Amino acid sequence: MNSPNQSGWKPEMNASEDSIHSGPATVSGNRALMLEEPLLFEIGHIETTGVDLPDTDIAVGNRLGGMERSDPIGLPGLSEPETIRHYTRLSRQNYGIDLGLFPLGSCTMKHNPRLNEKVARMPGFADVHPLQPASTIRGALEAINELAHWLIDLTGMHGVAMSPKAGAHGELCGILCIRAALEARGDAREIVLVPESAHGTNPATAAFAGYRVEDIPATDEGRVDLEALKARLGPDVAAVMITNPNTCGLFERDMKAISDAVHEAGALVYCDGANFNAIVGKVRPGDLGVDAMHINLHKTFSTPHGGGGPGSGPVVLSEALSPYGPLPFTARTKEGVVHLVEEENAADYGHTDAFGRMTAFHGQMGMFTRALTYMRSHGADGLRQVAEDAVLNANYVLRSLDDLLDAPFGASGPCMHEALFGDEGFGGDLSTLDLAKAMIDEGYHPMTMYFPLVVHGAMLIEPTETESKAALDQFIASMRSLAERARAGDESMKQAPFHAPRRRLDETQAARKPVLVWEPSDE
Amino acid sequence: MRYLPLTDSDRGEMLAKVGASSIDDLFVDVPEDARLNGPIEGLPMHMSEMAVERHMRTLSKKNLAAADAPFFLGAGAYRHHIPASVDHLIQRGEFLTAYTPYQPEIAQGTLQMLFEFQTQVAKLYGCAVANASMYDGSTACWEAVAMASRVTRRKRVVLSGALHPHYAEVVKTMAKFTQDEIGDSLPALQAEPDNQGLITRIDDETSCVVVQYPDIFGRIPDLAEIAEAAHAKGALLIAVNTEPVALGAIKSPGELGADIVVGEGQALGVGLQFGGPYLGLFAVRDKKHVRQMPGRLCGETQDAEGKRGYVLTLSTREQHIRREKATSNICTNSGLCALAFNIHLTLLGEKGLRRLAAENHRLACIAADRLVQVPGVELLNGTFINEFTLRLGQNARAVVRKLADQGVLAGVSLGRLYPGVDGLSDGLLVAVTETTSEEDIETLASALEEALS
């Protein structure tokens, strides 16, 4: 257990000079446990392989019809020991939840239980083909169906589409359900209303589905302006996309009134479920009039982010939208047998209005088993505690920092699972980015930055419920020190990070002259 | 609860700090009549690790795992031996529990891996550039169609009949919302792919032609003549590959003139997993199309001290910058699956991949030769690598079900893929990989013989 940093940074100290004792350069470029690793293409060889396979000659008597490869592909191999070392060294240049607090707002970087990993690797889940005959996949279908029921019960909704592969895919699924429902009643509408504070996927999704996107105004306290929204609603509006709790970390207290107004205008309510962790077990979106909401299993339900996927984004649907959900899905008969419902048997289940199919197979099974394991572990009681602890941790961070960091909506009541700050009061020309990069030297992954767009230099901090009080206190001590330095205009922060495997990287160069694949150098 | 570190005394101290008398004070903005006062009814309460494991194991055991049966399924998902070190490495917490590498100073592990992955995919596909992966093959296929519309500014899409029917279904579903006009057809049971039939469907308004390679029946179409015909009309050729191991034996789609090459990468490193998560691969033959690509891209650059490093780049195409003007709404890739693919392909290397493809082909030839000796069974394919189509002379779906009851996973019937299409109902797709033993082939042959007699 670490204790909070008691040394205390003082504004007159110059961090860059005081704390860097880099010593003489090493021949290898390594620094003890910080090891440089070349590219696979610089250390591997096309004659090397780490797998023992027979040296079969394909040239004679094959059935390839003259299409066989002749030229080298250019894929170097490594032996097994070299492979283990290559990737182990690479892994050590990454930050992960296993290493420390990962306060990325709206991303819910919580602990990933290892039981989930063990279960996902059980042969009956991991080593089963999606097109096996029904009699050989009963347990897999039951697992999907059980998870579906958890999601329906936790959200108070009517149905769930399990196949979407990630949050944005789920958003798309929800909006396509809305469009299908409106088209089914012969009601062509053109506009989707999205708050300025929304995730970028919301407008991108609405635009893909053929809608024009318009902003919903917000009030000064960081919530949707109900009266302005009502004034904008009309026969041209298909849907309103709302994030609740919103990206300012606040619960939309008028949610029910918003839904009622939207429904009265003949439109539907899409809720971005990225922030469901704040309210799971405390309130059900279905009770607030939501028609569709995606659930990021990789956020609320602890499946690992894996360095950028795979995610999983089931979409819960209201009674009005359920008939339009995509195929396939699972259904349990009165006899208790779970069936896969696809194009050929959808009519048997009265599901004739599906808008189509979003992916080849049945969704992210490997994520389903992890999420179900997590839900079973917590139970209905534990999930409620998850939300409470997540919200308590965020408020603790908010009130421990709001004297040093500007909290634009600090007076709007308690935050939910994330605390939002802005850069007002920073000295010199220091920015949120500088503070974030200095967090790296303190041993933390930066928070979400410059999002939501409605706050200048936004810093969105989501500690999650899996952080202990001691871990939060240590984080707060670091953040207070960094905030003081930022207010004092400590120019050294512009150079941070100093202690990471790399200093700041030149993103302009990367975009101006893109080098996206390795090519042998001319030398 | 084992995942929640706060103690009750912590909670008390923290509530005091935030000026709340109880946790309810923090949920004050949730309308009181909507607030739940206790755990949701009907759901179980928390369980010990052992109890959860027991429950999940019970479900797992109700499935027949591929390793426990002679196994011949393919059709877009393939079973290969995955070296033990792959799973060990992807479970390192620094990979498993990392986020999308938006902070490159502390994500060089993921970024360098993605750069290597992009290079491997580009080389395997014979392309200039590959992205950092997509959800899966079917969604990558749709994204390629959407990209072709952006590049050509045309909306007419020609799908080969021998494209995986689920992929075709995904494309048709998405096209309904983008007003792309999709032309598709059913495949015919014949020894060679119908390239000429496909070529006659291309006209001056065609944005792209989508061809699977090897196709859904396992046949190997000569993409070069289709590419030539497409290019002559100003259309793009999209090649779809669902079995990357096959590309260890046959020419790459890029080499044959495909403009966009997409596919499913699951066969390397990822495993069957009942259909997901899988790994969408996406590459373009010509660098000039890079800025029209969907998905994340990792690029090389330097840090402030001049050291080589990697960053996510060209993000001005993406939704978090461009919002409604983005090239796609996709906000993620399939990072950990890309890592598994990257490691598996590194272990194989070129030599291993070629040997693996050759071994798959050798066993598939043995299987095809043995199975056609079963009375009533005919081999459809003129060409194949590790998957081929048999005609059984009777409803193959019923035969597959019957064999499953005997513990033999015989393959994917065409009736499963094309329900209700009479002309295809006697077809059986059989995949053979290095995991198939000659004994498995013999078991299948005798079981088929019995079932068909």
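Rules used in this analysis
Each residue is numbered by its place in its chain's sequence as written, counting from 1. Here every chain gets a letter starting at A, and every ligand a number starting at 1, in the order they are written. With the structure being a predicted model, the display of local features is reserved for residues of pLDDT at least 70 and the display and counting of side-chain atom pairs for 80 or more, all residues being used for whole-chain, interface and lining totals. Strands are runs of DSSP state E lasting at least 2 residues, helices are runs of H or I lasting at least 4, and numbering of each runs from the N terminus. C-alpha atoms define the radius of gyration in this analysis, and the globule rule sets the expected value at 2.2 Å times the number of residues to the power 0.38. Three exposure classes are used, based on other C-beta atoms lying within 10 Å of a residue's own C-beta, which is placed from the backbone: buried for 20 or more, exposed for 12 or fewer, and partly exposed in between. Residues are scored as being in contact if the C-beta atoms we place from backbone atoms lie within 7 Å. Strands are labelled as partners when DSSP assigns at least two bridges between them. The definition of a right-handed crossover adopted here requires that, viewed with the strands pointing away, the path from the first strand over the helix to the second runs clockwise. In this description, a nonpolar core means buried residues of the types Ala, Val, Leu, Ile, Met, Phe, Trp, Tyr and Cys, linked to one another by C-beta atoms lying within 7 Å. An automatic or database domain assignment supplies the residue ranges for each domain. Ten residues, namely Ala, Val, Leu, Ile, Met, Phe, Trp, Tyr, Cys and Pro, are considered nonpolar, four, namely Asp, Glu, Lys and Arg, are considered charged, and the remaining ones, Gly among them, are considered polar. Here an angle of 0 to 180 degrees is reported between the N-to-C directions of two axes, which are lines fitted to C-alpha atoms, with helices fitted over the stretch in contact. Orientation categories follow fixed angle ranges, with anything under 35 degrees roughly parallel, anything over 145 roughly antiparallel, 65 to 115 roughly perpendicular, and all other angles oblique. On a range of 0 to 100, pLDDT expresses the predictor's confidence in each residue. Should the near helix be turned anticlockwise from the far one by less than a right angle, the crossing is termed left-handed; should it be turned clockwise, right-handed. Each residue after the first adds 1.5 Å to the expected span of a helix. Regarding the arc, it is the one traced by the directions from the helix axis to the C-beta atoms.

### Considerations on the overall build of chain A
When you go through chain A residue by residue, the secondary structure sums to 14 helices and 12 strands. Its C-alpha radius of gyration of 26 Å places chain A within 12% of the 24 Å reference for a compact globule of 523 residues. In terms of overall dimensions, chain A has a C-alpha envelope of 75 × 75 × 45 Å along the principal axes. Going through the 523 residues of chain A one by one, you find that 58% of them count as buried. A sequence separation of at least 24 residues applies to 75% of the contacts in chain A between residues at least 6 apart.

### Regarding the overall build of chain B
Each helix and strand in chain B was counted, giving 14 helices and 13 strands. At 25 Å, chain B has a C-alpha radius of gyration in line with the 22 Å of a compact globule built from 453 residues. Its C-alpha atoms put chain B at 80 × 55 × 45 Å along the principal axes. At a minimum sequence separation of 6, the contacts of chain B that also span at least 24 residues come to 73%.

### Details of the pairing of strand S4 (residues 206–212) of chain B
Consecutive side chains along a regular strand alternate between the two faces of the sheet. Residue and element names in this part refer to chain B. Taking burial as the measure, the seven residues of S4 include seven buried ones, the bulk of the element. Pairing of strand S2 (residues 156–159) with S4 involves four bridges; the strand directions are parallel. When the sheet's bridge partners are listed, valine 157 is paired in S4 with cysteine 208. Bridge count between S4 and strand S5 (residues 236–241): five bridges; the pairing is parallel. For valine 209, the partnering residue across the bridge sits in S5 and is leucine 237. Where the polypeptide runs from S4 across helix H9 (residues 223–232) and back to S5, its parallel neighbour, the crossover connection is right-handed.

### Notes on the pairing of strand S9 (residues 338–341) of chain A
Bridge analysis of strand S8 (residues 329–332) of chain A against S9 of chain A gives four bridges, and the strand direction is antiparallel. Each bridged residue has a counterpart across the sheet, and for alanine 331 of chain A the counterpart in S9 of chain A is histidine 339 of chain A.

### Focus: the nonpolar core
All names here are of chain B. In this structure, Val209, Val210 and Ile238 are the most contacted members of the largest nonpolar core, which totals 315 residues. Here this core gathers at least three residues from each of two domains, domain 1 (66–82 + 350–452) and domain 2 (84–344). Not counting residues up to four positions away in its chain, the partners in contact with valine 210 are Cys141, Val145, Val157, Val158, Leu159, Ser160, Leu163, Ile238 and Val240.

### Observations concerning the sheet that holds strand S13 (residues 427–431) of chain B
Taken in spatial order, the four strands make up an open sheet running S10-S11-S13-S12 (chain B), and their pairing is antiparallel. Each end of this open sheet is capped by a strand with a single partner; those strands are strand S10 (378–379) and strand S12 (412–413) of chain B.

### Thoughts on the environment of isoleucine 58 of chain A
Tracing the chain through its elements places isoleucine 58 of chain A in the loop between helix H2 (40–43) and helix H3 (80–91). A C-alpha to C-alpha distance of 39 Å links isoleucine 58 of chain A and lysine 118 of chain A, two positions 60 residues apart in sequence. Isoleucine 58 of chain A has contacts with Glu68 of chain A together with Ala249, Ala358 and His361 of chain B, leaving out every residue within four places of it along the chain.

### Things to note about the interface of chain A and chain B
Contacts between the two partners involve 176 residues from chain A, matched on the other side by 167 residues from chain B. Per-element accounting of the side of chain A that touches chain B gives the leading share, 22 residues, to helix H11 (residues 365–401) of chain A. Looking at the side of chain A that touches chain B, its residues break down into 82 nonpolar, 56 polar and 38 charged.

### Topic: the sheet that holds strand S3 (residues 212–216) of chain A
Residue and element names in this part refer to chain A. Spatial strand order, S1-S7-S6-S5-S4-S2-S3: seven strands in an open sheet with mixed pairing. Strands at the two margins of the open sheet, each flanked by one partner only, are strand S1 (159–161) and S3. Neighbouring strand axes in the sheet, compared pairwise and without regard to direction, differ in orientation by 25° on average. Pairing analysis gives three bridges linking strand S2 (residues 191–195) to strand S4 (residues 237–243), with the strands arranged parallel. In the sheet register, leucine 193 faces S4, and the bridge partner there is valine 240. Against the sheet, helix H8 (residues 201–208) engages S2, S3, S4 and strand S5 (268–272), with an angle of about 175° to S2.

### Some words on unusual backbone geometry
Here the amide bond leading from asparagine 244 of chain A into proline 245 of chain A is cis, since omega sits at -5°, within 30 degrees of zero. Along the chain, proline 245 of chain A falls in the loop between S4 and helix H10 (255–264). Look at the link from glycine 309 of chain A to proline 310 of chain A: it is a cis peptide, with omega at 0°. For glutamine 273 of chain B, which is not glycine, the phi dihedral falls at a positive 50°. Looking at the secondary structure, you find glutamine 273 of chain B in the loop between strand S6 (260–264) and strand S7 (280–284). Of note in the backbone geometry, leucine 314 of chain B takes a positive phi value of approximately 55° without being a glycine. Inspection of the secondary structure puts leucine 314 of chain B in the loop between strand S9 (308–312) and helix H10 (319–322).

### A few points about the packing of helix H6 (residues 138–155) of chain A against helix H2 (residues 49–61) of chain B
In contact at an axis separation of 6 Å, H6 of chain A and H2 of chain B are set at 135° when each is read in the N-to-C sense. For the element pair H6 of chain A / H2 of chain B, the angle class is oblique. Across the interface between the two elements, Gly139, Glu142 and Ala143 of chain A of H6 of chain A pack against Leu59, Ser60 and Lys61 of chain B of H2 of chain B. Split into classes, the residues belonging to the contact of H6 of chain A with H2 of chain B amount to two nonpolar, two polar and two charged.

### Considering the domain arrangement of chain B
Residue and element names in this part refer to chain B. When the domains of chain B are assigned, the result is domain 1 (66–82 + 350–452) and domain 2 (84–344). Spacing between the C-alpha centres of domain 1 and domain 2 amounts to 27 Å. Facing 32 residues of domain 1, the contacting portion of domain 2 comprises 29 residues. Counting residues per element, the ones that place at least two in the side of domain 1 that touches domain 2 are helix H11 (335–371), strand S11 (387–391) and S13. Considering each element in turn, the side of domain 1 that touches domain 2 owes the most residues, seven residues, to H11. Grouping the constituent residues of the side of domain 1 that touches domain 2 by class yields 17 nonpolar, 11 polar and four charged.

### A short note on the confidence of the model for chain A
For chain A, per-residue confidence averages 93 on the pLDDT scale, and residues scoring 70 or more make up 95% of the total. Counting contacts from residues 1–19 of chain A, a segment whose pLDDT is below 50, to residues more than four positions away or on other chains yields 20 contacts.

### Details of the confidence of the model for chain B
Per-residue pLDDT for chain B averages 96, and the proportion of residues at 70 or more is 98%. In the predicted assembly, ipTM is 0.97 and pTM is 0.96.

### Brief notes about the packing of helix H6 (residues 137–152) of chain B against helix H7 (residues 165–178) of chain B
Residue and element names in this part refer to chain B. In contact at an axis separation of 9 Å, H6 and H7 are set at 45° when each is read in the N-to-C sense. Judged by the inter-axis angle, H6 sits oblique to H7. Between H6 and H7 the crossing geometry is right-handed. Of H7, the residues touching H6 (which contributes Gly137, Ser138, Thr139, Cys141, Trp142, Val145 and Ala146) are His166, Tyr167, Val170, Val171, Met174 and Thr178. Of the residues that constitute the contact of H6 with H7, the class distribution is eight nonpolar, five polar and no charged.

### Here's the deal with H3 of chain A
Along its 12 residues, H3 of chain A runs 16 Å from first to last C-alpha, staying within 8% of the 16 Å computed at 1.5 Å per residue. Those residues of H3 of chain A lying buried are Thr83, His86, Tyr87, Leu90 and Ser91 of chain A. On an axial view of H3 of chain A, the arc spanned by its buried residues comes to 130°, and they lie on one face. If you follow the buried residues of H3 of chain A, they end up packed against H2 of chain A together with helix H3 (84–90), helix H4 (93–96), helix H5 (108–125) and H11 of chain B.

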